[in-house]
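So you can see what is in the structure, the chains are spelled out below.
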Amino acid sequence: MTPAMNAALGQRRVMLAGLLRITLPNYTIRLCDGSIAIRWGDEVFTGRDALFGTIGQVEAISEATGDTIPGMDMSLIPPSLEAAVRLCSPDNQGSPVRMWLAVVDRDTGLIVPDPELLLAGEVDTMTLEQDSQVLEVQIAVASVFERLFEPDEGAGYSDSFHQSIWPGELGMSNMTGTKINELWGPGDKPSAVTTVPPFAVRGVQRFF
C-alpha cells in the first residue's frame, strides 16, 4: 500500500470504493460499488454498465498464506436476458478480472494513488440464474496461478514441438521417431540419503 493510501486511510472520514474490471474479448466492463462515476487515469468506473448492468454480490476477499489457490465468486445483474446470454458466452471464459480497493478524495473526487490490487484472476465459469424477481449471472473467478496447473499434453520429442519453444534450435531436426515417452530431466528422484564410497579419502574417490 502506498504512503498516500496509508495517510488517506488514517483520516477520520474515509471514502472507500471497490473497482472491478472484466476485460471481455470485445468489451470491457468497469464497475464500482456505488452510484457514482469514478475516474482513474483514462478509465471511468460506474455503478451501472450500459450493457451488462450492476454488481450483484462479491465474495469477501482475505489475505492469507497456505496451499490453496485464491479465487472468488461474484455475480452481475444484467438488464435483460439478451445481455445475460451474451455475458455467458463461452468466448468470455479466460477473460482477465481485476479488483482494487480505492480511496476517493472527498474534495476532488479523484482516486488517491494508488489503489490496492485485491485480485488478479480470470473468468472460469458463468452460470445464468433466474427467479421471479431478478436475473443474475454467477461468475466463478479463478486465480491466474491456475495456468501453472495446465498439463503439457502436447509435449513431445519432436522437432516441431522443440522449435515451438526454441525457434531456430535444430537439435532435433533429424529425429523422426522415438519410443521414449518420459519427460526430459533427471531420472528417479534423488535419495535423501547420500552414500560415500569406502575408499573416499580427502575428497578423492578410488574405484576398483
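Residues numbered from 1 in each chain as written. Predicted model: local features only at pLDDT ≥ 70, side-chain atom pairs only at ≥ 80, totals over all residues. Heavy atoms only, no water.

(A) Representation of the nonpolar core in the model. Core analysis: the largest hydrophobic core is formed by 21 residues, its most contacted members being Ile 22, Ile 29, Leu 76, Leu 87 and Ile 139. When contributions to this core are tallied by element, the ones reaching two or more residues are strand 1 (15–23), strand 2 (28–32), strand 6 (71–77), helix 2 (81–87), strand 7 (96–104), strand 8 (116–130) and strand 9 (135–143). With four residues, strand 9 is the single largest residue contributor to this core. In terms of nonpolar packing, the next biggest core, distinct from the first, is built from nine residues, Ala 17, Cys 32, Phe 45 and Val 104 among them. (Core = buried A, V, L, I, M, F, W, Y, C linked by side-chain atoms within 4.5 Å. Buried < 20%, exposed > 50% of the residue type's maximum accessible area, 1.4 Å probe, protein only. Helix = DSSP H or I, 4+ residues; strand = E, 2+ residues; numbered from the N terminus.)

(B) The pattern of salt bridges, seen in detail. Enumeration according to the criterion identifies two salt bridges in this entry. With a closest N to O distance of 2.7 Å, Arg 21 and Glu 43 form a salt bridge. A residue pair is termed long-range when its members are at least 10 positions apart, and Arg 21 in strand 1 and Glu 43 in strand 4 (residues 43–45) qualify at 22 residues. Overall, Glu 43 belongs to the buried group, its relative accessible area being 15%. Glu 43 is the salt-bridge partner of Arg 30, the closest N and O atoms lying 2.7 Å from each other. Residue Arg 30 is found in strand 2, and its partner Glu 43 is found in strand 4; the two are separated by 13 residues along the sequence. (Salt bridge = Lys/Arg side-chain N within 4 Å of Asp/Glu carboxyl O.)

(C) Up close: the packing of aromatic side chains. Taken as a whole, this structure holds four aromatic pairs when the rule is applied. Here the aromatic rings of Trp 40 and Trp 100 are separated by 5.0 Å at their centres, their planes lie at 85°, and the arrangement is edge-to-face. Placement of Trp 40 in strand 3 (residues 38–40) and of Trp 100 in strand 7 is noted, with a sequence separation of 60 residues between them. You can call Trp 40 partly exposed: its relative accessible area is 23%. (Phe/Tyr/Trp six-rings, centres within 6.5 Å; stacked < 30°, edge-to-face > 60°.)

(D) Local environment of the environment of Gly 47. Position of Gly 47 relative to the elements: it lies in the loop between strand 4 and strand 5 (54–58). In this structure the C-alpha to C-alpha distance between Gly 47 and Leu 31, which are 16 residues apart in sequence, comes to 5.5 Å. Beyond its immediate stretch of four places on either side in the chain, Gly 47 contacts Leu 31, Cys 32, Gly 34, Ile 36, Gly 53 and Thr 54. (Contact = heavy atoms within 4.5 Å.)

Note that every value here comes from positions in space, so none of it alone points to a role or purpose.
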